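Observations on the three-dimensional arrangement
Now for the letters of each chain:
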Amino acid sequence: MNITPLVWIITIAVTIAFFVWEFFAHVRKPHEPTVGESARWSTFYIGLALLFGVGVGVVSGWTYGGEYFAGYLTEKALSIDNLFVFLIVMTGFAVPKIYQQKVLMIGIVIALIMRGAFIAVGAALIENFSWVFYLFGALLLFLAYRQAFAHGESNPADGRFMRLVRRVLPVSDEYNGDKLTVVKDGRRFVTPMLLVIVAIGFIDLVFAVDSIPAIYGLTQEAYLVFTANAFALMGLRQLYFLIGGLLERLVYLAQGLAVILAFIGVKLLIHALHKNELPFINGGEHVTIIPEIPIWLSLVVIAATIAVATIASLAKTRRDRLAVEPHDVA
């Protein structure tokens, strides 16, 4: 793709404008969004993302269009997993529902900034060091293992990182509206709201490590990586309130994401072999015995995995619910 600096500037400016508008139109005044409001805006942002992908396919070719859609699906799935952890944090800190929008908005903006930085670093590494594909592939296989076997074992609100923050900062016992600090008896304390934002920011850093290598396994176009991430994060706040109850029912989401990350990890390792320049592997020559995985197959595997994980999760939670319900006595 030939993306000019002007296109980059316009894309980033429009992305920032969306988030600024969201803050002043929806988040500035504390309230809990209705299901109807959340559904309308979630539909709008998903439709906008799909329309952008069609535009990429028409303008730049469907190879790039397919890469965008595969990247968007992967980032959206990872973002929903991110929402699940956000839900745990909100519950752990007992954040009042009318203030959860603000916390989510700040968390999403932090996520976009961190992912933007990782995208820039990743693009520079890929352009200058082909061996980085080995590193990304191995990292994704490790992350896939962690997703499959270590998901949801601890509460981020009470983890070691947050205990360290509490020892460093004087923390008040209760919320004071949506303020981050409060003065008591002449001494300034931070409120639990600030701790929530710190926890969300730390979680965003961890998820950026997951998501950026994953999408670079689907496309090496930095522009597609950025836009897929931006569209995956847009509407995430509304999606949180729309499927809040559903999140707890997606019991196989971690395993589904593990399959996706492992698949992309293998794809990256195969690509690394095709680009190989390391002297201790095949004498520094390319290894092309195994064909590269085409983008259409990546798209099918990702979409099918998300669908199977969702259907299996809902089926299991339904069976579990029926099993504990008291049976009618004749």
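Since the structure is predicted, the reported quantities are computational estimates derived from the model, not experimental observations. (Residues numbered from 1 in each chain as written. Predicted model: local features only at pLDDT ≥ 70, side-chain atom pairs only at ≥ 80, totals over all residues. Heavy atoms only, no water.)

Further remarks concern the overall build of the protein chain. A count of helices and strands for the protein chain gives 12 helices and two strands. Counting from the amino terminus, helix and strand elements in the protein chain follow one another as α-α-α-α-α-α-β-β-α-α-α-α-α-α. Here the protein chain has a C-alpha radius of gyration of 22 Å; the compact-globule value for 330 residues is 20 Å, and the two agree. Overall size of the protein chain, expressed as C-alpha extent along the three principal axes, is 70 × 65 × 40 Å. Split into buried and exposed, the 330 residues of the protein chain put 45% on the buried side. (Helix = DSSP H or I, 4+ residues; strand = E, 2+ residues; numbered from the N terminus. Rg over C-alpha atoms; globule rule 2.2 N^0.38 Å. Buried < 20%, exposed > 50% of the residue type's maximum accessible area, 1.4 Å probe, protein only.)

With that out of the way, let us pick up the pattern of salt bridges. Per the counting criterion, the structure on display carries four salt bridges. Of the charged contacts in the structure, one is a salt bridge between D320 and K316, with a shortest N-O distance of 2.8 Å. Taken as a pair, D320 and K316 lie in helix α12 (residues 295-324) at a separation of four residues, close to a single helical turn. (Salt bridge = Lys/Arg side-chain N within 4 Å of Asp/Glu carboxyl O.)

With that out of the way, let us pick up the layout of surface pockets. One number sums up the size of the second largest pocket: a volume of about 350 Å³. Surrounding the second largest pocket, 19 residues form its lining, K76, A77, I80, I306 and T310 being those nearest its centre. Every element with two or more residues in the lining of the second largest pocket is listed here: α2 (35-60), α3 (62-92), α11 (253-274) and α12. When residues in the lining of the second largest pocket are grouped by element, the largest group, five residues, is from α3. Looking at the lining of the second largest pocket, its residues break down into 15 nonpolar, three polar and one charged. (1 Å grid on protein atoms, 1.4 Å probe; cavity = no way out; pocket = protein on both sides within 12 Å on 5 of 7 lines; lining within 4 Å. Points joined across faces, edges and corners; volume = space filled by probe spheres on them. Nonpolar A, V, L, I, M, F, W, Y, C, P; charged D, E, K, R; others polar.)

The next subject is the confidence of the model for the protein chain. Averaged over the protein chain, the pLDDT score is 84; the fraction of residues at 70 or greater is 94%. Predicted confidence in the protein chain is weakest over helix α10 (residues 244-247), with a mean pLDDT of 67, and strongest over helix α8 (residues 222-233), with 92. (pLDDT = per-residue confidence, 0-100.)

What follows concerns the pairing of strand β2 (residues 187-190). By the bridge criterion, four bridges tie strand β1 (residues 181-184) to β2 in an arrangement that is antiparallel. Along β2, the bridge assignment pairs V183 with R188. Taking the residues between adjacent antiparallel strands as the criterion, β1 and β2 are bridged by two residues, where D185 takes a positive phi near 55°. (Pairing = 2+ DSSP bridges.)

The backbone of A94 sits at a positive phi, close to 50°, despite the residue not being glycine. The topology assignment puts A94 in the loop between α3 and α4 (97-128). What makes A94 exposed here is its relative accessible area of 53%. With a phi close to 55°, N282 is a non-glycine residue in the positive phi region. Of note, N282 is situated in the loop between α11 and α12. According to the relative accessible area criterion, N282 is partly exposed, its value standing at 48%.

Counted by the stated rule, this structure contains 17 aromatic pairs. For the pair W8 and Y223, a centre-to-centre distance of 5.3 Å together with 90° between the ring planes defines the contact as edge-to-face. Here W8, found in helix α1 (residues 5-27), pairs with Y223, found in helix α8; they are 215 residues apart in sequence, far enough to count as distant. On the numbers, 6.0 Å between centres and 65° between planes, the contact of F18 with Y45 is edge-to-face. (Phe/Tyr/Trp six-rings, centres within 6.5 Å; stacked < 30°, edge-to-face > 60°.)

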